[in-house]
Amino acid sequence: MSYKKLKKTERTDQERIDKIKELFPEAMGDGLLNIQTLNDLIKGFDIETVSEKDEFYSLGWSGKSKARKLAYSPPTGTLTLKKDNGFNENNASNYLIQGDNLEVLRILKKSYTNQVDTIYIDPPYNTGQDLIYNDKFDEPVESYLQATKQADEQGLLTSNPKSTGRYHANWLNMLYPRVKLAWSLLKEDGIICVSISDIEVANLRKMMDEIFGEENFINTVSVKSKVNAGASGGGEDKKLKKNIEYIHIYAKNIDKLPALKDLYQYKELMQLISEMKDEGQSWKYTSVLVDYGERQKLGTTYDGNGDPIEIYIRKDLQRKSINQIMKEEKISEEEVYRKYLNNIFSDTNAQSSIRQRVIDKCGHLNQGELYEVEYTPRSGKDRGNKVVHHYISNTVRRVIWLADVVDEVDGKLLKKERLSTLWDDIDFNNVGKEGEIPYPNGKKPIELIKRCIRINNKPKGLILDFFAGSGSTGHAVLDMNREDDGDRKFLLIQLPERPNDKEEKFDTIADLAVQRIKNSYKQVFNSELININANGFKVLELNRSNLKMWLSQNDQSVDYLVNKLDLFSTSPFIEGVSEQNIVIELMLNQGFPLNSMLHKNRENIWEVTHERIPFNLYISLQDNINNDVIEFLEKVQIGSLLICTDDSLSDEQKVLLSEKLNVKTI
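Keep in mind that this is a model prediction, so the values were computed, not measured.

**Remarks on the overall build of the protein chain**
When helices and strands are tallied, the protein chain shows 18 helices and 31 strands. With 666 residues in all, the protein chain has 49% of them scored as buried. Contacts in the protein chain between residues far apart in sequence, at least 24 positions, make up 71% of those at least 6 positions apart. By element, 46% of the accessible surface of the protein chain is carried by carbon and sulfur atoms, the whole surface being about 34200 Å².

**A word on the state of the cysteines**
In total, this model carries zero disulfides according to the counting rule given. In this model C193 remains outside any disulfide bridge; the closest cysteine sulfur is found in C452, 4.0 Å from its own. Overall, C193 belongs to the buried group, its relative accessible area being 0%.

**Let's talk about the packing of aromatic side chains**
For the coordinates displayed, the defined rule picks out 13 aromatic pairs. When the centroid spacing of 6.0 Å and the interplanar angle of 80 degrees are considered together, the rings of Y618 and F632 count as edge-to-face. Placement of the pair is Y618 in strand β29 (residues 617-620) and F632 in helix α17 (residues 627-634), with a sequence separation of 14 residues. Among the aromatic residues, those joined into a ring-pair cluster are F87, F490, Y521, F525 and F537. A cation over an aromatic ring shows up here: K180 above the ring of W183, its NZ or CZ 5.8 Å from the ring centre. Directly above the aromatic system of W423 lies the positively charged group of R451, at a separation of 5.2 Å from the ring centroid.

**Topic: the sheet that holds strand β30 (residues 641-644)**
With respect to topology, six strands assemble into an open sheet ordered β1-β31-β30-β29-β28-β27, the strand pairing being mixed. Of all the strands in the sheet, just β1 (2-5) and β27 (597-600) have a single pairing partner and so form its edges. Neighbour-to-neighbour, the strand axes of the sheet open up by a mean angle of 20 degrees, direction not taken into account. Two elements, β27 and strand β28 (residues 605-609), share four bridges in a ladder whose sense is antiparallel. Paired with L598 across the strands is V608, a residue of β28. Helix α16 (residues 579-589) rests against β27, β28, β29 and β30 of the sheet, and its axis sits at about 40 degrees to β28. Its contacts with the sheet put helix α18 (residues 651-658) on β1, β30 and β31 (662-665), and the angle it makes with β1 is roughly 125 degrees.

**Regarding the nonpolar core**
L79, M207 and L594 are the most contacted members of the largest nonpolar core, which totals 69 residues. Counting residues per element, this core draws most heavily on helix α6 (residues 167-185), at ten residues. Not counting residues up to four positions away in its chain, the partners in contact with L594 are L79, Y95, I97, L108, Y112, L491, L540, I584, M587 and L588. Counting residues in hydrophobic clusters, the runner-up holds 40 residues, among them F87, C193, I249 and V524.

**Examining the packing of α17 against α18**
Two elements in contact, α17 and α18, have axes whose closest approach is 10 Å; the angle formed by their N-to-C orientations is 20 degrees. Our classification of the angle between α17 and α18 gives roughly parallel. In this structure, α17 meets α18 at a crossing whose hand is right-handed. For the pair α17 and α18, the contacting residues are N627, I630, L633 and E634 in the first and Q653, L656 and L657 in the second. Per-class residue counts for the contact of α17 with α18 are four nonpolar, two polar and one charged.

**Considerations on the packing of α6 against helix α7 (residues 201-212)**
Running from amino to carboxyl end, α6 crosses α7 at an angle of 35 degrees, the nearest separation of the two axes being 10 Å. In this structure, α6 meets α7 at a crossing whose hand is right-handed. Taken together, the residues of α7 that come into contact with α6 (itself represented by H168, W171, L172, L175, Y176, V179, K180 and W183) are N203, L204, M207, M208, E210, I211 and F212. Of the residues contributing to the contact of α6 with α7, the split by class is eleven nonpolar, two polar and two charged.

**Examining the sheet that holds strand β4 (residues 77-81)**
The ten strands are arranged β4-β26-β5-β25-β24-β6-β9-β11-β10-β23 in an open sheet whose pairing can be described as mixed. The sheet terminates laterally at β4 and β23 (422-423), the two strands that pair on one side only. Pairing analysis gives two bridges linking strand β6 (residues 116-121) to strand β24 (residues 460-465), with the strands arranged parallel. Looking across to β24, one finds that I119 is bridged to L464. On the sheet, α6 packs against β6, β9 (186-196) and β24 and is oriented at approximately 155 degrees with respect to β9. Along the sheet face, helix α14 (residues 509-525) touches β5 (92-98), β25 (487-494) and β26 (536-544) and points at about 155 degrees away from the line of β5.

**Points about the side chain of S658**
Examined against the element boundaries, S658 turns out to sit in helix α18. Given a relative accessible area of 14%, S658 falls into the buried group. If near-sequence neighbours (up to four positions away) are discounted, S658 is found in contact with M1, S2, Y3 and V663.

**Description of the pairing of β9**
Counting buried positions along β9 yields nine of eleven residues, so the element is predominantly enclosed. The pairing of β6 with β9 spans five bridges and is parallel. Bridge pairing in β9 places I119 opposite I192. Bridge analysis of β9 against strand β11 (residues 244-251) gives six bridges, and the strand direction is antiparallel. Its bridge partner lying in β11, S195 is registered against I247.

**Things to note about the pairing of strand β18 (residues 369-375)**
The element β18 is extensively covered by neighbouring structure, given that seven of its seven residues are classed as buried. Burial of the side chains of β18 extends over both faces: E369, Y371, V373 and Y375 are buried on one face and L370, E372 and E374 on the other. Bridge count between strand β15 (residues 308-315) and β18: six bridges; the pairing is antiparallel. What sits directly across from I311, in β18, is V373. Pairing of β18 with strand β19 (residues 387-392), which is carried by six bridges, proceeds in the antiparallel orientation. Looking at β19, one finds that L370 is bridged to I392.

Parameters and conventions
Residues numbered from 1 in each chain as written. Predicted model: local features only at pLDDT ≥ 70, side-chain atom pairs only at ≥ 80, totals over all residues. Heavy atoms only, no water. Helix = DSSP H or I, 4+ residues; strand = E, 2+ residues; numbered from the N terminus. Buried < 20%, exposed > 50% of the residue type's maximum accessible area, 1.4 Å probe, protein only. Contact = heavy atoms within 4.5 Å. Areas by Shrake-Rupley, 256 points an atom, 1.4 Å probe, with all protein chains shown as cover. Disulfide = S-S within 2.5 Å. Phe/Tyr/Trp six-rings, centres within 6.5 Å; stacked < 30°, edge-to-face > 60°. Lys NZ or Arg CZ within 6 Å of the ring centre and 35° of its normal. Pairing = 2+ DSSP bridges. Axes fitted to C-alpha atoms, helices over the stretch in contact; angles between N-to-C directions. Core = buried A, V, L, I, M, F, W, Y, C linked by side-chain atoms within 4.5 Å. Parallel < 35°, antiparallel > 145°, perpendicular 65-115°, else oblique. Left-handed = near helix turned anticlockwise from the far one by under 90°. Nonpolar A, V, L, I, M, F, W, Y, C, P; charged D, E, K, R; others polar.

Read these as spatial facts, not as claims about activity.
Below, the structure is given as structure tokens:
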């Protein structure tokens, strides 16, 4: 085991540095990377994998190198719990974090690398009216606290008018480091969905190609977001009216992504039938099999692999039309579809080897007869499962059942089609009612976000949104869990910026998001919060470090200078900070996620555990560790980690404990 001083995270890409050390040890000397040696080693590769050209195809913009560095800069702050701001906090593994998303992503990186299943974000569209982040290398937390009026001086957001000359570059510089960090948080089979308008759709695609790799591009979806309206002034009379937005979808590693299946988009059946009639299109599902007749075995034939195809015939069946039943039973068209949904069909002259083998074996059908064929496909979506196909009429036409393409959801009959890249069925008209809270900065329908999550759908998983806005992604996750009894979790990040609407009753959008998520629980569970027993959520906020030695060196405030002087004479922690927030900072520093189990035992030792972390973390904030505590620590699991103040242990105790534990002191 070991004993060492606790260190602050030096950079967010340390694992990449470690990988270079592992692959090219010759390029490392005195702890530094020799670029010339590394270059010489790389030149020894297969010539087809290395290019020494100065120019090659890429997306370049002013400030790109700075944007890259921002992604790898170490975090300078921490997260503190806003106790009692959330819901059911004693049973909560969902989180809303209020703060600058770039700094928060840096803080989370060590604990959440390769842990996120799906990311959905709806960043600023760069309309010329949007505010974008004014990122800084030096003291990002101080900039954030100043911007949110927890400290003085300048703001964190800045306008980005088209007249700046760096209109697109500024937007790319804002988004690049955030998406780069987000990439590292995704699991190998994870996906990211980014909503965007036509202003930056092309630049975003190229930026995502660079970060994720062109080979991991899945699709660009077109979303019909509003009804067409008339042209307006300001040059808009020379352009078509916009009613489409886009979603770029990427996998982290498309080879690890499961096949996209059971993905559908829906339309109300009766509305679809009405629209097709109005447009002069033919609706095929107009026949009803009201009586299947008697079933008899005809014989057996074989497919190309020699596997059996069992053939049955049904005789004296009764077939009627939708209109015929409407007249006979004096019911509406919709009532016929509801009553006979499982019996309604269309037929098609689809050519297949199975159909031909049935005809060769048994011949053609007579009026009032139907073939029922059972076999097990060797390929396709039904591979390995027994299926039943039906054929009808003299020419042996394949029966297509309406029930196979229609689902009943909340009392409505919905026609389903395989999900395509045109999403024109999302209702944007009622989005303002979702969460029972208006959002002047705009919000996305939860059905849109749910559809994105379903692309990589799992009953469990972590969903991240670091441009959370009003918290729609949290609402979507709750609603999906209600629908399929899933156990998905959400992790939302939102800057506490002022709403556009000056009459808004919430001081910040982040505060609005807290209330919207609480409202979402009430909507999803159809009950008041006091009566809901469900996985809740906690609210945390970005703040300065709780450790004096990690405070900003460039902060010249009186508080900073006082804390630095106190470092040499009193506690190493900021005065007034809670023990729990110190523990949260230390556990994140050591790679433990927010949903780790925290327990303070009778020896006043904090124990931190998580199912995927192979060791336990013990934290002592005491000035002196007595013999009872030493005896307790000697009995814990070998290889566990102890963090304590340096003065709380004698040199002898440090040596003794480090024989069994990894000891880090503050």
